[in-house]
Amino acid sequence: MRWKGMDFRRKCQFPVLLASGSLPVPMLICALAAPDRVDAALAVMALYIALAWMCLLIRGRLRLATGVLFSAALMGAGAVLLPVREVHAALLIPALYAGMLLGGLQMAGWDHGRELHPAVCVLCVVAHILAQILVNVGADLGEASPYAPVDGILIAGFVCYGALMLLYLNRVSLRSAVNGMQAVPVTIRRKNFLLTAALFAVTMTAAGLPAVARAVGCAWEALKAVAAAVIRWLISLFPETATTGADVGGGLGGMPAMDAAEPGLFAVIMEKIAMVLAAVAAAVLAAIALIVLWKKCKALLNRLWARLNDYLTASTEDYQDEIVDTREDATAERAVRRLHRRGFRRRVDERALKPAERIRYRYQRTWLRHPEWTPERTARENLPEGAAEIYERARYSDHPVTDADAEEFARRTDLR
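The secondary structure content of the protein amounts to 16 helices and 0 strands. The proportion of buried residues among the 416 residues of the protein is 30%. Taking all contacts inside the protein whose residues are at least 6 apart in sequence as the whole, residues at least 24 apart take part in 70%. Surface summary for the protein: the accessible area is close to 27,600 Å², and the carbon and sulfur share equals 65%.

Below, the structure written as structure tokens:
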């Protein structure tokens, strides 16, 4: 089976979405019962994702047997990797993934527009919210918090789940925009994907501003430490001169030892110069970094703006109103009337026609007798109100037309 034909790239997101959405359940179990087996729970989750992808590529009835076999393999892997004998609650972890594997076997047969049920996504969001509440409450305990080993893993799982949820909602919105009646053009899908990725990047940047501020502070402290080290190295190049404490012998007699000399003027000047140079270098490097960052951000914003304009242009191209003059000129109209007259020269037994056909035939004959009835005029403009209503019912609707209606139409058109 071809991956493109079965929409594999979209369907392979479902197991990852379910695994990242249900991540709080195994992580909280490990945090409370087996904090040293968090890596084992992650290994079982990775095994579930790999086996679910394999089930998507298996056809027909063989998929069910393979799914049962893979579920048993998940249970066995969980029993080996997790301490299910000491902690019975750990058995819930492989049981969760085995259940999701069996429940997701039907995904391979879904059509192109079918997505996960919204209730599943809502349950995953609720699980992450409850997990973060427990982690934040446990953070007040400091190092004694039982959720400290899984805090970072839960955040990473939520980030992954959030990215996949944005793609899921993007597909649902595009499908709703076309009412599910036709496929969304490839260009529109790509542009929506880029806009979704940009939205996710902006959101993550805004959410990570405190961490970015802390990183900038650490970088500034490191820069100051490097500058101090450079200054100390420059000072070491100019050692201080000092006399020894030994007495000076000879005929001069004993003289007391001299104290160590103070740093010279040259050393002090060089120290000040080194400090100024280090500060200038730090300021120049910071300015260069800010300029480069500004240019990159500006180029990114320009590209996003251009993509947005292209998307808006492509979205409105198909809905431009075009006014086309479909009226025929006088020459063509006269030719059409001549052809109709030739066709009506031979007599037609109107009694053999059905009531609707009789009404339409009568209208054609009346139209030929009135040259002032131009093609752009409608039957409601040409005929009396009662006759026009009968003709429109016979011509454009499925309502039954009786012989009495045909006779009434003939009577009203004869008056004209």
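This next bit is on the packing of aromatic side chains. Counted according to the given criterion, the structure contains 4 aromatic pairs. One aromatic cluster in this structure is built from Y363, Y391 and F409.

One can describe the packing of helix α3 (residues 24–33) onto helix α6 (residues 92–103) by two numbers: an axis separation of 9 Å at closest approach and a directional angle of 170 degrees. In terms of orientation, α3 and α6 fall into the roughly antiparallel class. Within the contact between the two elements, α3 uses V25, P26, I29 and C30 and α6 uses L92, I93, L96 and Y97. When its residues are assigned to classes, the contact of α3 with α6 shows 8 nonpolar, no polar and no charged.

The subject of this paragraph is a nonpolar patch on the surface. Taken together, V122, V125, V126, I129, L130, I133 and V137 make up a surface patch of nonpolar side chains, about 580 Å² in accessible area. Here L130 lies in helix α7 (residues 118–139).

A few words now on empty space enclosed by the protein. Overall, the coordinates contain 2 cavities of 30 Å³ or more when judged by the stated rule. Approximately 90 Å³ is the volume found for the largest cavity. Surrounding the largest cavity, 13 residues form its lining, A52, L101, G104, L105 and M107 being those nearest its centre. When contributions to the lining of the largest cavity are tallied by element, the ones reaching two or more residues are α2 (13–21), α4 (38–56) and α6. Among the elements that line the lining of the largest cavity, the one with the most residues is α4, at 4 residues. Partitioning the lining of the largest cavity into residue classes produces 11 nonpolar, 1 polar and 1 charged.

A few words now on the side chain of K11. Looking at the secondary structure, you find K11 in helix α1 (residues 8–11). For K11, a relative accessible area of 2% translates into the label buried. Polar side-chain contacts of K11 include one of 3.4 Å to the backbone oxygen of M107.

Below, the discussion takes up helix α9 (residues 186–207). Helix length check: α9, at 22 residues, gives a terminal C-alpha distance of 31 Å against a target of 32 Å (1.5 Å per residue), a fit within 8%. I188, K191, N192, T196 and A198 are the residues of α9 that are buried. Here the buried residues of α9 occupy an arc of 160 degrees about the axis, which is enough to place them on one side.

Further remarks concern helix α8 (residues 151–177). Here α8 is 27 residues long and its end C-alpha atoms lie 39 Å apart, about the 39 Å a rise of 1.5 Å per residue gives. The inward-facing, buried residues of α8 contact α1, α2, α3, α7 and α9. Of the residues flanking the end of α8, it is N179, one or two places downstream, whose phi is positive at about 60 degrees.

Attention shifts here to the environment of V84. Along the chain, the position of V84 falls in the loop between α5 (60–81) and α6. Judged by relative accessible area, V84 falls into the buried class, the value being 15%. Residues V84 and A34, 50 residues apart in the sequence, show an inter-C-alpha distance of 9.8 Å. With near-sequence residues (within four places) excluded, V84 lies in contact with G78, A79, A90 and L91.

With that settled, consider the confidence of the model for the protein. The predicted model of the protein averages 78 in pLDDT, with 80% of residues at 70 or higher. Confidence over residues 1–5 falls short of pLDDT 50; this stretch has 4 contacts with residues more than four positions distant or in other chains. Across residues 315–329, where pLDDT falls below 50, the model places 4 contacts with residues more than four positions away in sequence or in other chains.

Below, the discussion takes up the packing of α7 against α8. Across the interface, α7 lies against α8 with an axial gap of 11 Å and an inter-helix angle of 155 degrees. Comparing the axis directions of α7 and α8 gives the class roughly antiparallel. Crossing geometry of α7 relative to α8 is assigned as left-handed. Mapping the contact onto sequence places P118, C121, C124, V125, H128, A131, Q132 and V135 in α7 and D151, L154, I155, G157, F158, Y161, M165 and Y168 in α8. Partitioned by chemical class, the residues of the contact of α7 with α8 number 12 nonpolar, 3 polar and 1 charged.

Next up on the list: the pattern of salt bridges. Applying the stated criterion across every chain yields a total of 7 salt bridges. Put simply, E115 and R171 hold a salt bridge, and the shortest N to O gap is 2.8 Å. Of this pair, E115 sits in the loop between α6 and α7 while R171 sits in helix α8, and the two are 56 residues apart along the sequence. Residue E115 is classed as buried on the basis of its relative accessible area, which comes to 14%. Between E221 and K224 there is a salt bridge whose closest N-O contact spans 3.5 Å.

Moving on to the nonpolar core. Core analysis: the largest hydrophobic core is formed by 50 residues, its most contacted members being Y48, Y97 and L116. Residue assignment for this core shows that the elements contributing at least two residues are α2, α3, α4, α5, α6, α7 and α8. The leading source of residues in this core is α4, at 11 residues. When neighbours within four sequence positions are excluded, Y48 is seen to be in contact with P15, L18, A19, L74, Y97, M100 and L101. With 15 residues, the next largest nonpolar core counts A388, I390, A394 and V401 among its residues.

Conventions adopted
- Residues numbered from 1 in each chain as written.
- Predicted model: local features only at pLDDT ≥ 70, side-chain atom pairs only at ≥ 80, totals over all residues.
- Heavy atoms only, no water.
- Helix = DSSP H or I, 4+ residues; strand = E, 2+ residues; numbered from the N terminus.
- Buried < 20%, exposed > 50% of the residue type's maximum accessible area, 1.4 Å probe, protein only.
- Contact = heavy atoms within 4.5 Å.
- Areas by Shrake-Rupley, 256 points an atom, 1.4 Å probe, with all protein chains shown as cover.
- Phe/Tyr/Trp six-rings, centres within 6.5 Å; stacked < 30°, edge-to-face > 60°.
- Axes fitted to C-alpha atoms, helices over the stretch in contact; angles between N-to-C directions.
- Parallel < 35°, antiparallel > 145°, perpendicular 65-115°, else oblique.
- Nonpolar A, V, L, I, M, F, W, Y, C, P; charged D, E, K, R; others polar.
- Patch = residues over 30% accessible without salt bridge, like charges linked within 9 Å, V, L, I, M, F, W, Y side chains within 5 Å.
- Salt bridge = Lys/Arg side-chain N within 4 Å of Asp/Glu carboxyl O.
- 1 Å grid on protein atoms, 1.4 Å probe; cavity = no way out; pocket = protein on both sides within 12 Å on 5 of 7 lines; lining within 4 Å.
- Points joined across faces, edges and corners; volume = space filled by probe spheres on them.
- Polar contact = N/O pair within 3.5 Å; in protein donor to acceptor, adjacent residues only side chain to side chain.
- Expected span 1.5 Å × (residues − 1).
- Arc of directions from axis to C-beta.
- pLDDT = per-residue confidence, 0-100.
- Left-handed = near helix turned anticlockwise from the far one by under 90°.
- Core = buried A, V, L, I, M, F, W, Y, C linked by side-chain atoms within 4.5 Å.

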